[in-house]
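# Structural description and commentary
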Amino acid sequence: DIAFACSALRVAEQRSAPTYLYELERAVPNGPLAQYGAVHGFDYINLFATFSEWQITPSADDDATSAAFQTAWGALAHGAAPWTAAPGYEAIDATSSAGSGEYRDGRCATLAALGLPVE
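Residues numbered from 1 in each chain as written. Predicted model: local features only at pLDDT ≥ 70, side-chain atom pairs only at ≥ 80, totals over all residues. Heavy atoms only, no water.

## Digging into the overall build of the chain
- The helix and strand tally for the chain stands at four helices and three strands.
- Helices (α) and strands (β) of the chain occur, in sequence order from the N terminus, as α-β-α-α-β-β-α.
- Relative to its 119 residues, the chain shows a buried fraction of 31%.
- For the chain, the accessible surface area stands at approximately 7000 Å², while carbon and sulfur atoms represent 56% of it. (Helix = DSSP H or I, 4+ residues; strand = E, 2+ residues; numbered from the N terminus. Buried < 20%, exposed > 50% of the residue type's maximum accessible area, 1.4 Å probe, protein only. Areas by Shrake-Rupley, 256 points an atom, 1.4 Å probe, with all protein chains shown as cover.)

Right, dumping it as structure tokens:
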């Protein structure tokens, strides 16, 4: 959170141009990467639907998550908004939806209250 997520939120909140923030909520379901859950970089597995290359057997929900990524990035590539711009964020999983202002379950606010730098 300190190294990436909360600082991304701060940047998004300070930009005057539309800024689109998301968080991958769906963990890798099986295969050698399953032990890592939903971490930075695994969004590309969904975006490009490269499940088999990573020895992942996708379920219908995994296919839906992949479709959500492809729809959002396709919209962005064509100049349309992929979802509502910050200060909200998109929680991307099989039932992707706009997240609340409590990005990272409020952990960014907690870190700031503790005086920890989020840069």
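## Things to note about helix H1 (residues 5–14)
- Taken together, the buried positions of H1 are occupied by Ala-5, Cys-6, Ser-7, Leu-9 and Ala-12.
- Buried residues along H1 sit in contact with helix H4 (107–113). (Contact = heavy atoms within 4.5 Å.)

## Quick notes on helix H3 (residues 60–77)
- Look at H3: 25 Å from first C-alpha to last across 18 residues, which is about the 26 Å you get at 1.5 Å a residue.
- Where the residues of H3 are buried, they touch strand E1 (22–24), helix H2 (43–47) and strand E2 (90–92).
- Between the side-chain oxygen at the start of H3 and the backbone nitrogen of Asp-61 there is a gap of 3.3 Å, and the oxygen is on Ser-59.
- Positive backbone phi, at 85 degrees, marks Gly-79, one or two positions downstream of H3. (Expected span 1.5 Å × (residues − 1). Polar contact = N/O pair within 3.5 Å; in protein donor to acceptor, adjacent residues only side chain to side chain.)

## Structural notes on the side chain of Ser-7
- Within the element layout of this structure, Ser-7 appears in helix H1.
- Assessed through its relative accessible area of 14%, Ser-7 is described here as buried.

## Things to note about the pattern of salt bridges
- The final tally for this structure, using the stated rule, is one salt bridge.
- In this structure, Asp-62 engages Arg-26 in a salt bridge whose closest nitrogen and oxygen atoms are separated by 2.6 Å. With Asp-62 in helix H3 and Arg-26 in the loop between E1 and H2, this pair connects stretches of sequence that are 36 residues apart.
- On the basis of relative accessible area, Asp-62 is assigned to the buried category, the value being 2%.
- With a relative accessible area of 24%, Arg-26 lands in the partly exposed category. (Salt bridge = Lys/Arg side-chain N within 4 Å of Asp/Glu carboxyl O.)

## Thoughts on the confidence of the model for the chain
- Averaged over every residue, the pLDDT of the chain is 84; residues scoring 70 or more account for 87%.
- Mean pLDDT values over the elements of the chain span from 64, in strand E3 (residues 97–98), up to 93, in H2. (pLDDT = per-residue confidence, 0-100.)

## Considering the nonpolar core
- Within the largest apolar cluster, 12 residues are counted, these being Leu-24, Val-28, Leu-33, Phe-42, Ile-45, Leu-47, Phe-51, Ile-56, Phe-69, Ala-72, Trp-83 and Ile-92.
- Broken down by secondary-structure element, the contributors of at least two residues to this core are H2 and H3.
- Cys-6, Leu-21, Cys-108 and Leu-111 belong to the second largest nonpolar core, which has seven residues in total. (Core = buried A, V, L, I, M, F, W, Y, C linked by side-chain atoms within 4.5 Å.)

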